[in-house]
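Results of the structural survey
Residue strings, one per chain:
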Amino acid sequence: MTCLLSQGIGNFGANTLAVLVFFSGVCINGAQTGLQAFSPAFYPTEMRATGVCWMHGVGRTGAIISSSTGGILLGLFSGQNVIFLVLAVPALLAGLSILMHRAAHPVEMIKGIDLNDIPELSRTMNVR
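Residues numbered from 1 in each chain as written. Predicted model: local features only at pLDDT ≥ 70, side-chain atom pairs only at ≥ 80, totals over all residues. Heavy atoms only, no water.

The next point concerns the overall build of the chain. Secondary structure summary: the chain contains six helices and zero strands in total. Helices and strands in the chain line up, N terminus first, as α-α-α-α-α-α. Out of the 128 residues belonging to the chain, those deemed buried represent 14%. Just so you have it, the chain exposes about 9300 Å², and 70% of that area is on carbon and sulfur atoms. (Helix = DSSP H or I, 4+ residues; strand = E, 2+ residues; numbered from the N terminus. Buried < 20%, exposed > 50% of the residue type's maximum accessible area, 1.4 Å probe, protein only. Areas by Shrake-Rupley, 256 points an atom, 1.4 Å probe, with all protein chains shown as cover.)

In structure tokens, the structure reads:
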């Protein structure tokens, strides 16, 4: 997000743009990979696979629509600065939603347990 904002505000040259796009791509790909490990904790066990699959489906839909949206943005705005600022908005919203999700303690809300009880629950459930 910082790379997108800095290009939108600063209007740097082609070399700086290439570096910023590279770092932006690295961060976005890393975030997508990290969300695959992060998202299962949000869903209760009974619906974990469905929830993660929906997450991937919505992500793929966004990937498909984004190429058309990019073309529309190129047609609407003459300068590249505005396009980078517009692209920074979804990155900002994604970052905020991850921060809000972390503060919501979804495991406690969904399962009704305290996170400190998990080791004890695990020991009692694995006794055969």
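With that settled, the discussion passes to helix 3 (residues 48–76). Here helix 3 spans 41 Å end to end across 29 residues, near enough to the 42 Å set by a 1.5 Å rise per residue. Along helix 3, the sharpest change in direction is near 30° and occurs at Ser66. Within the span of helix 3, buried status applies to Gly51, Val52 and Leu73. (Expected span 1.5 Å × (residues − 1). Bend = angle between axes of the 7 residues up to and from the residue.)

Let's shift gears to the packing of aromatic side chains. Taken as a whole, this structure holds one aromatic pair when the rule is applied. With 5.4 Å between their ring centres and 70° between their planes, Phe22 and Phe23 make a pair best called edge-to-face. Using a relative accessible area of 54% as the deciding quantity, one classes Phe22 as exposed. What makes Phe23 partly exposed here is its relative accessible area of 43%. (Phe/Tyr/Trp six-rings, centres within 6.5 Å; stacked < 30°, edge-to-face > 60°.)

The next subject is the confidence of the model for the chain. Here the chain averages 75 in pLDDT, and 74% of its residues register 70 or above. By mean pLDDT, helix 5 (residues 106–111) is the weakest element of the chain at 52, and helix 3 is the strongest at 85. (pLDDT = per-residue confidence, 0-100.)

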